[in-house]
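# An overview of the molecular structure
Spelled out from the first residue to the last, the chains are:
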Number of protein chains: 4
Amino acid sequence: TERLSLIAGPCQMESRAHALETAQALKETADRLGIGLIYKTSFDKANRTSANAARGMGLEAALPVFAEIRESVGLPTLTDVHEAAQCAEVAQAVDVLQIPAFLCRQTDLLIAAARTGRTINVKKGQFLAPWDMKNVIAKITSAGNPNAMATERGVSFGYNTLISDMRSLPIMSQIGCPVVFDATHSVQQPGGQGTSSGGQREFVPVLARAAVAVGVAAVFMETHPDPDAAPSDGPNMVPLKDFEPLVRELLDYDALAKRRAAA
Amino acid sequence: TERLSLIAGPCQMESRAHALETAQALKETADRLGIGLIYKTSFDKANRTSANAARGMGLEAALPVFAEIRESVGLPTLTDVHEAAQCAEVAQAVDVLQIPAFLCRQTDLLIAAARTGRTINVKKGQFLAPWDMKNVIAKITSAGNPNAMATERGVSFGYNTLISDMRSLPIMSQIGCPVVFDATHSVQQPGGQGTSSGGQREFVPVLARAAVAVGVAAVFMETHPDPDAAPSDGPNMVPLKDFEPLVRELLDYDALAKRRAAA
Amino acid sequence: TERLSLIAGPCQMESRAHALETAQALKETADRLGIGLIYKTSFDKANRTSANAARGMGLEAALPVFAEIRESVGLPTLTDVHEAAQCAEVAQAVDVLQIPAFLCRQTDLLIAAARTGRTINVKKGQFLAPWDMKNVIAKITSAGNPNAMATERGVSFGYNTLISDMRSLPIMSQIGCPVVFDATHSVQQPGGQGTSSGGQREFVPVLARAAVAVGVAAVFMETHPDPDAAPSDGPNMVPLKDFEPLVRELLDYDALAKRRAAA
Amino acid sequence: TERLSLIAGPCQMESRAHALETAQALKETADRLGIGLIYKTSFDKANRTSANAARGMGLEAALPVFAEIRESVGLPTLTDVHEAAQCAEVAQAVDVLQIPAFLCRQTDLLIAAARTGRTINVKKGQFLAPWDMKNVIAKITSAGNPNAMATERGVSFGYNTLISDMRSLPIMSQIGCPVVFDATHSVQQPGGQGTSSGGQREFVPVLARAAVAVGVAAVFMETHPDPDAAPSDGPNMVPLKDFEPLVRELLDYDALAKRRAAA
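Residues numbered from 1 in each chain as written. Chains lettered and ligands numbered in written order. Predicted model: local features only at pLDDT ≥ 70, side-chain atom pairs only at ≥ 80, totals over all residues. Heavy atoms only, no water.

## Some thoughts on the overall build of chain A
What counts is decided by this rule: Secondary structure elements follow DSSP: runs of H or I no shorter than four residues count as helices, runs of E no shorter than two count as strands, and numbering proceeds from the N terminus. Computation of the radius of gyration draws on C-alpha atoms, with the globule rule given as 2.2 Å multiplied by the number of residues to the power 0.38. Burial classes follow relative accessibility: with a 1.4 Å probe on protein chains only, a residue under 20% of its type's maximum area counts as buried, one over 50% as exposed, and anything between as partly exposed. Only heavy atoms matter for contacts: two residues are in contact if any of them lie within 4.5 Å across the pair. All accessible areas in this document rest on Shrake-Rupley with a 1.4 Å probe, and a residue is counted as covered only by the protein chains that are shown. Lys and Arg are tallied as positive, Asp and Glu as negative. Neither His nor the chain termini are counted. Charged side chains are reduced to one point each, which is NZ for Lys, CZ for Arg, CG for Asp and CD for Glu.
Within chain A, the secondary structure is distributed over eight helices and 13 strands. Here the C-alpha radius of gyration of chain A, 17 Å, is about what a compact globule of 263 residues would show, namely 18 Å. By principal-axis analysis of the C-alpha atoms, chain A measures approximately 45 × 40 × 40 Å. Counting every position in chain A, which comprises 263 residues, the buried fraction comes to 65%. For chain A, long-range pairs separated by at least 24 residues make up 69% of all intrachain contacts whose partners lie at least 6 apart in sequence. Of the roughly 8200 Å² that chain A leaves accessible, carbon and sulfur atoms contribute 49%. Across chain A, the 25 positively charged side chains and the 28 negatively charged ones have centroids separated by 6 Å.

This is the structure we're talking about:
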């Protein structure tokens, strides 16, 4: 069993400079800790609570920046796709295509993403049972792509609240794909601020520790130099300065969990 | 306050003959009862539990049939759209564009649908609070289309189960758009049969009575001559022979509810 | 199938005068409407959110008032019991013993109540599935008492929220006992005001209409001359002046529902 | 911050011999691991799903055995109380009185337990938000007893299912009392076997690791030499032979969690 990896970066790509700066900082952290890290950021926030919210740089402007992060910073990248027609183009510049949770049942999108040959990370829908992810992953593998990952990001619990079921991690692991825990979206309060989603940043480390102790391949964690100034997901992103100490701590739990798995 | 309307038809368009036959039967029921009825059917089941499940006739084959139902049978039609690029073409043949529940937050799809000028019926996501539908409807109205409807179809309640909150009907009504109760998807058991969704057909009349007594503009109800032989949603569709008696009964409750609203 | 009955009264017995006054008003309403009505009030609020909240008059002071309501006002009465040792004494003065929702699995309490021979109304726990009430009712009937009733009062839905599943009404009806819908506790927000429970009085008529349209033997509804001044459950009680018009309306729905049941 | 303690033992006291044997085995484990361990067992299962289920030895027979475990085996003991009148008598023989989850809002029971001066462990109701436990704990402390503990044992999630919210551990910790995670009742499926509760024993270690990594004062874990032959809670108890290896592993996570807390 391999050591914990991280999928990390700011919720949305705000500018070339901002993206390169955060990617460089995360690359240095990854090197110091000796971990794998995939740089995550979105070129388009396609499903925001309100139509008035900022959407991001867009596909055309973002793809060269993804390519630059890969080549000049040296980090693999991940971004989310929203329509089948985007997949091939995004796959040219980005290493991992991510299927958003709301879209995890859209067959055409899953198959188009699978056919790019890139690794596909599917966020489990907030409305889905963990055992139902086997049908989702099968849509990818039956399209000839064995490299799928499944991400837990919380399940609907009443209104405007998510809850994280730690049982979902071993359940999804039995599907045979790497399992990721999304520690920042799991603390979202969907729609909880009227026209945007709220979040409980203080619980990110709590849920991340729990998930790593249970055992996961990777933790997904959005991070930002100044979350309170971020155009989206500010309430739940981890300040960049807190990222490395938190990951360092998670690696200790991971060592225990992987020791058990290896036994 | 207007009398109850119905949105009804088989889950998917199985063939031209099947569509025209069910549309003709529903037209006769609507005429006998003196109610408005919109014929609903899907040309593509884009988010089925499993990739192996039947998807439907597809857009190109279906659009002429929709046109034929409108012209020769005389019923307005409704179908669901899944990608922004489909909206304009579908709008040429279909009267009401429906946004599926999983996609109710996809801004581009909502706006593309809105811009066709057709009436847009948005299913409330299983992960959404009823008060959060105001942001969804605002995405449509701010695109210049005042004709949006909001449909309750159950909210996630634990795993593989939906529950219907009757409070959502007056809450969504306050947004200022017609509110629809989807009586057949509300009794779905998502993913509840392993590789397909289950359903509890016996509760369709139960929830429909409750919703109509509370007060709605329309009831959405999938119906089929032989649900157990249908390629999708068989477990929750109402047999066509039971449709008219059930609607007849609902109209009595509707009269009471609308009498109150008029008072 | 018999016509709808009501179980109604103020949440707690505040004084002899207050009890007799509200009982007299409800008796007059019942006579005007030609319905059965059971006067409900609590002598002790044994499970309030906070220990500092008002508890009520207590058993000794309340029992003579219950007897007086039965004899001089002419209404049967209902109250809740909390410990097995109370049942026999309460049964001397009160017609229906009610088991609170939190206590619906306490075997000794159910059996002690059953053995009084009085009708027993069990509130379904907020943590219980409707089909699990058959085990609860069996604890009563196997103690030799066939007169049990089952009351729906909402099920836990996330934190500080209840939701009413209208499917529970026919499910519990299949147990073979009368089913009651508690329209005022179903709109509680448990613990929702920090040190007391909140409520959404505006949804009482909404849920009551839904339940009566589905079909119930009785509606349970707390009512008070001045709910905002009541020592408990003020946020969800119905003002006494609104009680009769609401019941009048419910009776119309009930007639439709019972006509169907009789068919 | 002190090292992790355990609260452990068979769900119900089956006989003096069975109790002493399991207590002796657990005492030896505790000594080998150098941990505090409180022996838990019930003298009466007062709220079983069905009235036909085994209830246990009863108070009179059990109290001398509790005293014997304390004196001859040398373990402190814990048992649950169900009515206020039991508390004083139980407190003579038992070190920690436990309030069952269904009864966590019963004011009289909480106060009677508090007044014994014993430590009181309150299970959080399946219907309660973690922040609402502050009112529950205040009922104990305001009765003059500062020694209360709060136990997470899962929250209602749909029907017949519990889910464990790891955020509840730090939330309850802020109340200022030791927080316990009940790893065996959290995997219960209430009522899930028709006339008894089911359970998912395989998830006990999963949830226990998660909770200990987050940080708790103690883990509550029912254990039995032969769970499948146990009269209650068999499906979720941990086989006695697996208990020590699991606790050994949890202590490694605990060391990490407490190192952080100490930093």
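Right, picking up where we left off after that structure.
## Things to note about the relation of the copies chain C and chain A
Turning one copy of the chain about an axis and sliding it along that axis gives the other copy, so a rotation and a shift relate them. The line we're drawing: We superpose the copies by least squares over the C-alpha atoms of residues that have a pLDDT of at least 70 in both of them.
Superposing chain C onto chain A takes a rotation of 180 degrees plus a shift of 0.0 Å along the axis, which leaves an RMSD of 0.0 Å. Overall, the copies show the geometry of a two-fold rotation axis. Minimal C-alpha distance to the rotation axis in chain C is attained by Gly158(C), lying at 1.9 Å. Here 100% of the interface residues in chain C have copies in chain A that are interface residues too; the copies meet face to matching face.

## Side note on the relation of the copies chain B and chain A
After a rotation of 180 degrees and a shift along the axis of 0.0 Å, chain B superposes on chain A with an RMSD of 0.0 Å. Here 100% of the contact residues of chain B are again contact residues in chain A; the copies associate through an equivalent surface.

## Some words on the pattern of salt bridges
Which entries qualify depends on this criterion: By salt bridge we mean one thing: a side-chain nitrogen of Lys or Arg within 4 Å of a carboxyl oxygen of Asp or Glu.
Under the defined criterion, the tally for this structure stands at 72 salt bridges over all chains. Here Lys40(A) and Glu222(A) are joined by a salt bridge, their closest N and O atoms 2.8 Å apart. Taken together, the positions of Lys40(A) in strand β2 (residues 37-40) and Glu222(A) in strand β12 (residues 218-224) put the pair 182 residues apart, joining distant regions of the chain. Judged by its relative accessible area of 2%, Lys40(A) falls in the buried class. The exposure class assigned to Glu222(A) is buried, which follows from its relative accessible area of 1%. A salt bridge links Arg259(B) to Asp252(C); its shortest N-O distance comes to 2.7 Å. Of this pair, Arg259(B) sits in helix α8 (residues 240-262) while Asp252(C) sits in helix α8 (residues 240-262), which puts the two residues in different chains.

## Some words on the nonpolar core
General note: in soluble globular proteins, nonpolar side chains tend to be found buried as a group. Operational definition: The set of buried Ala, Val, Leu, Ile, Met, Phe, Trp, Tyr and Cys residues whose side-chain atoms join them within 4.5 Å is what this entry labels a nonpolar core.
Judged by nonpolar contacts, the single largest core of 313 residues is most densely connected at Met166(A), Met166(B), Met166(C) and Met166(D). When neighbours within four sequence positions are excluded, Met166(B) is seen to be in contact with Phe181(B), Leu207(B), Ala210(B), Ala211(B), Val214(B), Met166(C), Val206(C), Leu207(C) and Ala210(C).

## A word on the pairing of strand β4 (residues 96-99) of chain A
All names here are of chain A. Which entries qualify depends on this criterion: Strand pairing is defined by DSSP finding a minimum of two bridges between the two strands. If the strands point away from the viewer and the path from the first strand over the helix to the second runs clockwise, then the crossover is right-handed.
Every second residue of β4 is oriented toward a common face, with Val96 and Gln98 on one face and Leu97 and Ile99 on the other, all of them buried. Looking at chain direction, strand β3 (residues 77-80) and β4 are connected through three bridges and run parallel. Following the sheet pairing, Leu78 is matched in β4 by Val96. Regarding topology, helix α3 (residues 87-93) serves as the crossover connection from β3 to the parallel β4, and that connection is right-handed. Across four bridges, the pairing between β4 and strand β5 (residues 119-123) is parallel. By the bridge assignment for β5, Leu97 is matched with Ile120.

## Here we look at the packing of aromatic side chains
Rules: Aromatic rings from Phe, Tyr and Trp, taking only the six-membered ring of Trp, are treated as a pair when their centres fall within 6.5 Å; an angle between ring planes under 30 degrees marks them as stacked, one over 60 as edge-to-face, and anything in between as tilted.
Counting across every chain of the model gives 18 aromatic pairs over all chains. Arranged with centres 4.9 Å apart and planes meeting at 80 degrees, the rings of Phe157(B) and Tyr159(D) form a pair that is edge-to-face. With Phe157(B) in the loop between β7 (155-156) and β8 (162-163) and Tyr159(D) in the loop between β7 (155-156) and β8 (162-163), this pair bridges two chains. For Tyr159(D), a relative accessible area of 13% puts it in the buried group. When the centroid spacing of 6.4 Å and the interplanar angle of 15 degrees are considered together, the rings of Tyr253(B) and Tyr253(C) count as stacked. With Tyr253(B) in helix α8 and Tyr253(C) in helix α8, this pair bridges two chains. On the basis of relative accessibility, which here comes to 0%, the residue Tyr253(B) falls in the buried class.

By themselves, these are just geometric observations and shouldn't be taken as functional.
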